[in-house]
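Letter by letter, the chains look like this.
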Amino acid sequence: MSQNVLSMLETGKTVTWPPTEAEQKKEGFVPREVKREPSTERGKRIRERFLNTRCMLDPQFSVHYTKAWQENAGEPLYIRRALSYKYALEKIDPVIDPDELIVMRKSRYMRGAICYPQYSQEFYKTFIEKSAETDAELFDVGTGGGKKDIKREGYRTIGVFSIKEEDVEPLSEVCNYWTGKSIEDVAIKFLEENFPENDDLVNAFKVMLYPPSVISIMEGRWIPAYDIIVERGLEDVIKECEERISNTIPTTRDVAEQIMFWRAAIISCQAVINWAKNYADKAREMAKAEECSERKKELEEIAEILEWVPAKPARTFREAMQAAWIGHIAVWMDCSVVGLSPGRWGQLLYPYYQKDLEEGRLTKEEALELMELLRVKFASEEYITPSSWAAMASSNQFQHMIVGGVDPKTGRCSDNELEELILEAGISMQTTQPTLGIMVNPKTSERLLMKAAECTKAGAGYPAWFNHETCVKHLLWCHAEEGITLEDARDVCMAGCVEVGLQGTGHGICHPAFYNEVKTLEIVLNDGVDPRTGLRVFEPLGEIDSFETLWENWCKVKEKFMKVYMRYWNYVVATRRQINPLIFSSVLVKDCVAKGKPMDDNGARYNKTVTLLNSGMVNVANAMAAIKKLVFEEKKYTLEEVCEACANNFGYEPVEKSGNFSMFNQKKVSREWEQIHRDLLEAPKYGNDDDYVDSIFVDLWEHYNQTCFSETSYLGYEWIPAALSITAHGPFGRACGASPDGRLAGVTLTDGVLSATPGTDVNGPIALLNSGVKLDPTPMRSVQLNMKMHPQSIKGTEGSKNFVNFIKTYFDQGGYHIQFNVVDSDMLRDAQAHPENYRDLIVRVAGFSAYWVELGKPIQDELIARTEYAAC
Amino acid sequence: MANLNKTGVVFDIQSFSTHDGPGIRTIVFLKGCQLRCHWCANPEGQNVFPEVFYHAMNCVGCFECIQKCPLDAITRAEDEQKNKGFIRIDRSKCRHCPQLDCVQACFNDALKITGKIMRVDEVMKPVMRDKPYFRDNGGITLSGGDPFFQHDFAMEILKACKENYIHTAIETEAFAAYEKIEATFPYVDLYLCDLKIMDPAKHQQFTGVSNKRILENIKKMAAAVPSKVLIRVPVIPGCTDDVENIRAIAAFTRENNLTRIHLLPYHKLGQPKFEQLGREYPMPDVQPPDKGQMEALKQVVEEEGVVCVVG
């Protein structure tokens, strides 16, 4: 095993499995088996436009919002929020692009992001001033790759985003207004004044046990109840609220607040209806001026649709899709959300699809085109974040659409043709959004599974594959105390990348972000001090003379900082409730309107959804196994010797010099530690079905889970453990020194949750999966496994069948999730060298797909380094 | 009952294999083969004993291995040819000692051992691990080398598989004594028989042995267990790829009432391994056949009334 990793260090070659394949130098690389183009010329034009469009920051909404917010200062909070939302939505410019059929978007630009200064204003200012941020050096890795900064007259640019000069001044004014009033500013003050562990919090941020604050994009990871806007229409919601108001006398404060919420809901619904009307007017105006008669007709159709939905129930497939889309972005305007997921649109829209087909209003080809265009709509909605988060998440929107699963009422297979079209559009219109997932149930049809296999072979990394029954089991377990029904549990989706979500009935997974596991181990091994900053963050722990002591110290430090992190977040949300309670978002979550309460006040049907994430557990498990074996059992080295070897980076020069953030092509400058390095690498490694290390891995998770359960969230329920890393393993790795698992300083941590460290899984994919299923996913909101497969290994129909069988067996064994990069490593290397040729190359990163050229280099390196499974 | 303590020499076990037999399979590669085919893809499977691979590209010339070798089998290279590395291993002196001092001394992945003595139960461990993934149609494939070279060991593995209801396949040259092949009938579900060249002299030239016994064996197997025999032909330019040869193989297949032939296009996977074992690759200039040629040969087979699959 060490030979694999050492070989990577020396030669820079990806370890492939089986190893015999690695020894062969192929000429060129194997292309993806499935590759298709958009089905219509319209689709091709829109895709081209999308790929060539720069991301734009658009402050228009926030300027209007802030104006109204100030003007409505005397109103009750919910009403003030709703009035500001309404004023801003009605004021922003409607923009319809050429060729568009499904219209409306958050900003004036195709790849536009709006601002939410009420969350955090500081980084917009920074953006404007182009000055560096805290830890910018460490985190400025989210913008690597092929997107070039092109200087344009009248624009300012940072990274991938530009802003018009004329927008700079208004945005600055808005930011000045929110200074001291935004959630972030108020939360910091509130924490300083009231949080007993505030010093620990500050230290933990400094040493990067936690990534920099994510308050600016804190909302998300839920699935709106689109059926409310599609099947009922917003006028019906307004009617319901009016009735509830007229039947309620404000007896207590709680009841009074219900009335205020319903009133706010009415205002918000009216806002969305008017916003759509503005677009309808715009379409009429454009139709008048349009010379092409075909386009004129299209624009008139667009106007007709928007004059009907979202106010009234949708009548056709196109109306239903348009209404659902409006609901989606209207939520996004309401709050700074990431991971807002459409869920089961194949189920939502199918009755309309079927009816239109029967009545001759729609053809299958037209439906496919709409699905393709919809993909671009999802992909076009950007968000902007501090560059620190960009590094964490590579600015992915994590909008997850799900096919498969069952009919929630009957438990029967519910696969339909529209779900096949969703997968087909994922092949023919490859965009990073929405990402796709398939819920695999024993009843799932082979037809849908084979279509999903075909889609996987197109190489964009989606669909992700989920075990439906495991997800249902989690929900039944997790929400038992809230009395979850079997029907709601069966309607499971993904909220964000791989977190279990409820279809329109659950609170979001609103969390502080990631906990850095490897940093924790570094602090434990250095007696409470962070070696990178020299900062003491924990009292001296004393000598570690046994594995048991090591474990105890680990638990002490970890519990401390996990608890601080979770408590911190409760303070943050406490301030958020006072500044930005969610109004329209709550309208589209059951049962907020019935309860008269917003989501952040337990208005949703299910609320035990607040999670904590982490990154680097595999590294820690491998490190602990190596220490246990070499130091405490074989006594070949002392713990000091291991730490010293780590401190000296095992004799390698810093990764910054090589510019490579995986274990590739690193230069050895001293041979002094090569024996200990090899021994550490040869110690048992997770991913080989070896109980020695796998049991430590499971124990680590069990402790993590119990620590989560020990704290109460801001909704009054236990915190829930979730496991995924997005791309946090990149920047976290750069902040951590060499670790006893043999990883060099600065090298990206092991991605995902159940994935093995590149090069250390030497017994093939099944051994890796067997290691993975030792961790029971039931109490966890997410578990994740990423696998890289060579296109050759699953070629043809037989290959697809084997591939589906492979996944089904993994799920039979208890697996929860698996996703694939079906791509030749040599192709990725070529893409790194010639990004200009790979503008549309999409790869799977952690829980999501991303454009290769928009990924930071550490993550690109890590992707190439992942063990590649090639069938022999 | 299978004898789980029986030992043999294995040079690889690969799970999730999808090319050697139906479904998802685990391939166990046994060392030892009587043929010396020029195009051999697994030359490390030819000798039955463990051997040292030398990856010249990885060698940094530290010469630690020279000092550690108890038999003075390693020397500094005098003719420092490009890509041939800094050391030479005298294969006649190497006794593949179990402690592997030379491999241990190398920190650069330049020296690696191929071939490991394993017991049947050790082989069965990963097989049983993979068993759920075999589902309805997958299973184990014994490969090599020729598994019959270690007949007794192979036999025990096959028995152990059958005791666990695992589908079994063998990739074989069919060169073994017929009794040995016959003895495996109850334990093998599929024989992937390599048939390379019908012309005896040419067969002798490119594989080192006559094809007489191979043809006789296949004939007998086809009579005894026709549903279990599948003919596989490596298509090697200049050796096996002439139309006459392929047609003759197809005719032979049909005459023996077998119905299917798999044509396997030549690849150069074996070349680097020949070099790492310190041997000359006998056919450095031969290129893999193109798609068109494979299709044409497929047609030849089909003209003889035999079902043909490429790959």
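Refer to the structure printed above.
Everything numeric in this text was worked out from a predicted model, so none of it was measured.

### Looking at the nonpolar core
One recurring pattern in soluble globular proteins is that nonpolar side chains are buried together.
For step 1, the next point in the chain: Membership of the largest hydrophobic core comes to 284 residues, with the highest contact counts inside it found for F317, W465, W569, F584, F806, I818 and F820 of chain A.
For step 2, the next point in the chain: In terms of residue count, helix α13 (residues 253–289) of chain A provides more of this core than any other element does, 17 residues in total.
For step 3, the next point in the chain: For F806 of chain A, the contacting residues outside a window of four places in its chain are P765, I766, L769, M787, M789, I818 and F820 of chain A together with F16, I24 and Y133 of chain B.
For step 4, the next point in the chain: Counting residues in each nonpolar core, the second largest holds 71 residues, with L158, Y178, Y191 and V301 of chain B among its members.

### Considerations on unusual backbone geometry
For step 1, the next point in the chain: The omega angle of the peptide bond from V309 of chain A to P310 of chain A is 5°, so this bond is cis rather than trans.
For step 2, the next point in the chain: Looking at the element boundaries, P310 of chain A is found in the loop between α14 (293–308) and α15 (317–334).
For step 3, the next point in the chain: Residue P463 of chain A is bonded to the preceding Y462 of chain A through a cis peptide linkage, with omega at -5°.
For step 4, the next point in the chain: Here P463 of chain A lies in the loop between α20 (446–457) and β10 (464–467).
For step 5, the next point in the chain: Positive phi is not limited to glycine here, since F63 of chain B has a value of about 65°.
For step 6, the next point in the chain: Along the chain, the position of F63 of chain B falls in the loop between β3 (51–54) and α1 (64–68).
For step 7, the next point in the chain: In this model, Y165 of chain B sits at a positive phi of 60°, which is unusual for a non-glycine residue.
For step 8, the next point in the chain: Structurally, Y165 of chain B is set in the loop between α4 (151–163) and β9 (167–172).

### Notes on the sheet that holds strand β5 (residues 161–164) of chain A
Residues and elements named next belong to chain A.
For step 1, the next point in the chain: Across the sheet, which stays open at both edges, the four strands sit in the order β3-β2-β5-β4 with mixed pairing between neighbours. Here the strands that pair on one side only, and so sit at the sheet edges, are β3 (112–114) and β4 (155–158). Strand-to-strand twist in this sheet, taken as the mean axis angle between neighbours without regard to direction, amounts to 30°.
For step 2, the next point in the chain: Where strand β2 (residues 55–58) lies against β5, two bridges are found, and the strand directions are parallel. Considered in β5, the bridge of C55 is made with F161.
For step 3, the next point in the chain: Along the sheet face, helix α8 (residues 165–178) touches β2, β4 and β5 and points at about 85° away from the line of β5.

What counts, and at which threshold
Residues numbered from 1 in each chain as written. Chains lettered and ligands numbered in written order. Predicted model: local features only at pLDDT ≥ 70, side-chain atom pairs only at ≥ 80, totals over all residues. Heavy atoms only, no water. Core = buried A, V, L, I, M, F, W, Y, C linked by side-chain atoms within 4.5 Å. Buried < 20%, exposed > 50% of the residue type's maximum accessible area, 1.4 Å probe, protein only. Helix = DSSP H or I, 4+ residues; strand = E, 2+ residues; numbered from the N terminus. Contact = heavy atoms within 4.5 Å. Pairing = 2+ DSSP bridges. Axes fitted to C-alpha atoms, helices over the stretch in contact; angles between N-to-C directions.

Treat this as a map of the structure, not an account of what it does.
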